[in-house]
Amino acid sequence: MLRQLLALLEAGDTWSITDLASELDISPDLVNAMLSHLAQSGKLDMPEQTCAGKCAGCSLVDTCKIGPTDRMFVYASRAPKPSRVPHKRRKDSLA
Amino acid sequence: MSEQNRTRITVALAGQPNVGKSTVFNMLTGLSQHVGNWPGKTIEQKTGEFSRNGLNIRLIDLPGTYSLTANSEEECVARDYILRQRPDAIIAIVNTAALERNLYLVAELLVLPIPVVIGLNMVDVAEQHGIHVEAHVLEAALGIPVVPLVASRNQGVGDLLDAVERLLDEPEAFTPNRPVIGEEHLPILEEIRSHLDGYLPSHYPDDWAALKLLEGDTEVTARVREALPEDEWTSTHDLLKQHEDAYLDIAGTRYEWIGRMVRAAVVRPKLGAVTLTERIDRVATHPVWGLALLLCIFAFVFWVTYTVATPIVEWLDVAVMQVVAEQVRLLLASAPVWLSGLVVDGLFAGAGTVLTFLPILVIFFAMLGMLEDVGYFARAAYVMDRFMHWMGLHGKSFMPLFLGFGCNVPAVMGARIMEDRRSQLSTILLTPLVPCTARMAVIIFLAPAFFGQAATFVSWGLIAFNLILLAILGILINRLVFRGEHTAFIMEIPLYHLPNARTIGLFVWQNTWAFIKKAGTLILIFSAVIWVLSALPGGDIEHSLLAGLGRRLEPVGRWMGLGDWRLMVSLLTSFVAKENTIATLGILFGVAEGSGSLAERVAAGLTPAGALAFLVVQMLFIPCVATVAAIRQETASWRWTAFSVSLSLVLSLLGGIGAFQIMRLIGY
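Please read these numbers as outputs of a predicted model, since none were measured by experiment.

Q: So what exactly am I meant to see when it comes to the overall build of chain A here?
A: Helices and strands together make up the secondary structure of chain A, namely three helices and three strands. Each helix (α) and strand (β) of chain A, taken in turn from the N terminus, gives the series α-β-α-α-β-β. In chain A, buried positions account for 46% of the 95 residues. Here the contacts in chain A between residues at least 6 apart in sequence split such that 52% fall between residues at least 24 apart. Total accessible area computed for chain A in this model is approximately 4800 Å², and 53% of it derives from carbon and sulfur atoms.

Q: Looking at this structure, I do not really get the packing of helix α3 (residues 28-40) of chain A against helix α11 (residues 246-265) of chain B. What am I missing?
A: Angle between the axes and distance between the axes are the two parameters that describe a pair of packed helices. Running from N to C, α3 of chain A and α11 of chain B cross one another at 155 degrees; their axes reach a closest spacing of 11 Å. Classified by the angle between their axes, α3 of chain A and α11 of chain B sit roughly antiparallel to one another. Considering only the axes of α3 of chain A and α11 of chain B, their crossing is right-handed. On α11 of chain B, the residues touching Leu30, Ala33, Met34, His37 and Leu38 of chain A of α3 of chain A are Leu248, Ala251, Tyr255, Ile258 and Gly259 of chain B. Of the residues belonging to the contact of α3 of chain A with α11 of chain B, the class tally is eight nonpolar, two polar and no charged.

Q: Could you clarify how one ought to interpret the side chain of Thr584 of chain B in this entry?
A: Residue and element names in this part refer to chain B. Residue placement: Thr584 occurs in helix α26 (residues 580-588). Under the relative-accessibility criterion, Thr584 is labelled buried at 1%. Here Thr573 takes part through its side chain, which lies 2.7 Å from a polar atom of the side chain of Thr584. Other than its neighbours up to four places away in sequence, Thr584 contacts Phe526, Ile530, Val569, Ser570 and Thr573.

Q: How should I be thinking about the environment of Thr29 of chain B in this particular structure?
A: Residue and element names in this part refer to chain B. Mapped onto the fold, Thr29 is located in helix α1 (residues 21-29). The contacts of Thr29, once residues within four sequence positions are left out, are Gly48, Glu49, Phe50 and Leu59. Side-chain polar atoms of Thr29 contact the backbone oxygen of Phe25, separated by 2.7 Å.

Q: What's the story with helix α9 (residues 218-227) of chain B in this structure? I'm lost.
A: Residues spaced three or four apart along an α-helix face the same direction, because each turn holds 3.6 residues. Residue and element names in this part refer to chain B. Residues Glu219, Val220, Thr221, Ala222, Arg223 and Val224 constitute the buried set of α9. As for α9, its buried residues are in contact with α2 (73-85), α7 (186-196), α8 (206-215) and α10 (230-242). One side-chain oxygen at the N-terminal end of α9 lies 3.1 Å from the backbone nitrogen of Glu219; it belongs to Asp217.

Q: What exactly am I supposed to notice about a nonpolar patch on the surface here?
A: All names here are of chain B. Among the surface-exposed residues, Ile525, Val529, Val532, Leu533, Leu536 and Leu545 lie close enough to one another that they form a single nonpolar patch of about 480 Å² accessible area. Among the elements that line the nonpolar patch, the one with the most residues is helix α23 (residues 522-535), at four residues. By the secondary structure assignment, Leu536 is in the loop between α23 and α24 (545-559).

Q: I'm lost on the confidence of the model for chain A in this one. Help?
A: Low pLDDT means the predicted coordinates in that region are not meant to be read closely. Residue and element names in this part refer to chain A. Per-chain confidence: chain A averages 65 in pLDDT, with 48% of residues scoring 70 or above. Looking over chain A, one finds the lowest element-wise mean pLDDT in strand β3 (residues 72-76), namely 66, and the highest in α3, namely 87. Note that pLDDT drops below 50 for residues 65-69; the model gives that stretch twelve contacts with residues more than four away or on any other chain. Segment residues 78-95 is flagged for pLDDT under 50; beyond a separation of four residues in sequence, or across chains, it makes 47 contacts in the model.

Q: When you look at the packing of aromatic side chains in this model, what are you seeing that I'm missing?
A: Note on aromatic pairs: each is described by the distance of the centres and the angle between the planes. Residues and elements named next belong to chain B. According to the stated counting rule, one finds eleven aromatic pairs over all chains in the structure shown. Grouping aromatic residues by their ring pairs yields a cluster made of Phe302, Phe364, Phe365 and Phe507. Above the ring of Tyr496, the side-chain terminus of Arg379 is found at 3.8 Å from the ring centroid. Positioned above the aromatic ring of Phe589 is the side chain of Arg566, whose terminal nitrogen or guanidinium carbon lies 3.9 Å from the ring centre.

Q: I keep staring at the side chain of Glu75 of chain B and nothing clicks. Help me out?
A: Of note, Glu75 of chain B is situated in helix α2. Within the structure, Glu75 of chain B has its side chain in polar contact with the backbone nitrogen of Ser67 of chain B (distance 3.1 Å). Not counting the four nearest positions on each side in its chain, Glu75 of chain B is found in contact with Gln40 of chain A together with Thr65, Tyr66, Ser67, Thr69 and Ala70 of chain B.

The rules behind the values
Residues numbered from 1 in each chain as written. Chains lettered and ligands numbered in written order. Predicted model: local features only at pLDDT ≥ 70, side-chain atom pairs only at ≥ 80, totals over all residues. Heavy atoms only, no water. Helix = DSSP H or I, 4+ residues; strand = E, 2+ residues; numbered from the N terminus. Buried < 20%, exposed > 50% of the residue type's maximum accessible area, 1.4 Å probe, protein only. Contact = heavy atoms within 4.5 Å. Areas by Shrake-Rupley, 256 points an atom, 1.4 Å probe, with all protein chains shown as cover. Axes fitted to C-alpha atoms, helices over the stretch in contact; angles between N-to-C directions. Parallel < 35°, antiparallel > 145°, perpendicular 65-115°, else oblique. Left-handed = near helix turned anticlockwise from the far one by under 90°. Nonpolar A, V, L, I, M, F, W, Y, C, P; charged D, E, K, R; others polar. Polar contact = N/O pair within 3.5 Å; in protein donor to acceptor, adjacent residues only side chain to side chain. Patch = residues over 30% accessible without salt bridge, like charges linked within 9 Å, V, L, I, M, F, W, Y side chains within 5 Å. Salt bridge = Lys/Arg side-chain N within 4 Å of Asp/Glu carboxyl O. pLDDT = per-residue confidence, 0-100. Phe/Tyr/Trp six-rings, centres within 6.5 Å; stacked < 30°, edge-to-face > 60°. Lys NZ or Arg CZ within 6 Å of the ring centre and 35° of its normal.

As structure tokens, this is what we get:
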């Protein structure tokens, strides 16, 4: 199912969550869950929609419309896949 | 110890963040809690002990996690504990209102050899959202106990423990319906498992480790690499390399499993609002009809603004401004001539005329505020983004560019959301082509006098022309900068709802007040400067410093049918603030001079071709000084700032000349 979702996104179009849900014949909540999953695994990007941090000191912060009202995801075909080998080893071994 | 003689059990409490796990923990353990840290971690560890029905229960509150994959330290801690300590049971708390997202963790827990009970928390919240979950159906579908809860009111928490005790008394009753990996991956999984056989520590189930390897779990990969002899690791690694994207199928089958469970047990009655939203969105978000609707709405906004505001603006200009200016001139009759000129011909004619904009802005902002409040703007954004994708622009550019319709300054600053420099730069370069409210207000002020009944169509066409130019430049930038790279953009679109008068009123007030402050400061000062330049050195406007500058620009103006130097000067002064075009026209065309409104006096000296050229230049001209300063700040480069200013200047001149020549060719 994730593969089907990614195949739709590969085309590089603009989608609403309901569009994706009807295309995949699943609920919008399930699409949302999968998008969050892909965002967490680095396959999708969630652009920062808040002025916090980046816009500190900006006089327009109060009236700026870049607000966290709606979630957005961006899929870039060049996004990295999860790496097979970790960059650094954790000290606490499972073994 | 046999199950029958069990006197002490350990239960782990698992769940995603913010599902009410801690509430359940606090309800059960009360004051018998021990708070510390997980060994070697900064993550808080909470344990508690209590007795129930003669059974001593040790409860472990695991960190909130979305899955059991090593994406975060919390996830590593939670699964380390489950694998190493093997609690007698796991209680998985899920948020009933977000079951699709919460069941992913359950799907991973069920693979482990530990019984799981589900606590279906916040059933009350879910019901409020119209989501009804049939707990017994979900229980049958999952094959594990499911207990509805309202943890915040201590409802069902005891039932949860009863379910755990029953499960431990009858372990054979635990027959979970686990998500099954796709058949195409089963042989690979088996092969990986065979490589692991005998090498992993006993607490590491081979099946689970093989699955995690195939999923690309970094932690498990590192552990396996340490544990396996070199030749076994090489074979395993080669196999994993061949199936590098298997994680998509594994996670995908989990979501298919979730979909099946939810379809079986969740009832979502269609709310009226949802149905209405769906019906409207069939048109509003349609690739073709949605764009057509957006253009119609823009045209409607202009039409309403012209129909309602223009008569008021004309009345304010002729019956109020000119009369008050005349009265002030009489009052200052005994004052020095320069003072009377400065106040009446400078401040009144400049900043005062700009203030007559107010009805335009109030109506315009009220219309925009209403569209935003009913939820239409999210659709407009969606439709426009499709348009941007069509021209190949980066999806993330949309958000800052859309801000540009309000003001170009936050739009330029908004380009910070782009991660890479090239995308940020291209968005900044395109921003001045988005017509801001101030530019549109100038157009709304002048277009009716220039074009009468056709004003709505002309204004609409001017915005469309700006957007077409933006599209062409976007395509060029995409080709040159992004080299055709595709990105998908996914938006969450809210339901439509009735507009709230207070919200709209606040929106109108904030924007109108900002405009009044600007008129009372920047435009007022600039009006004074323009008047001084138009009066010096001898008090005759035709031989003033400003006229000297304007006449130098006349040759360029003539290519666009703008032979009057005053028109070129008014365009030039829009560099300070777009509204200054009107302030300067007010000063140079005299507030108390001639008859009719200011717009009519300006229109009297222009052919339709020249009038259109004037508006085209106004729409494309160099952005205001605040925007240029923002461009300098964001690009941190004078070179790119100069390039942006030059680009706007060249486009506006070419646009003006083109509009004038084409209009002449077709007989205007």
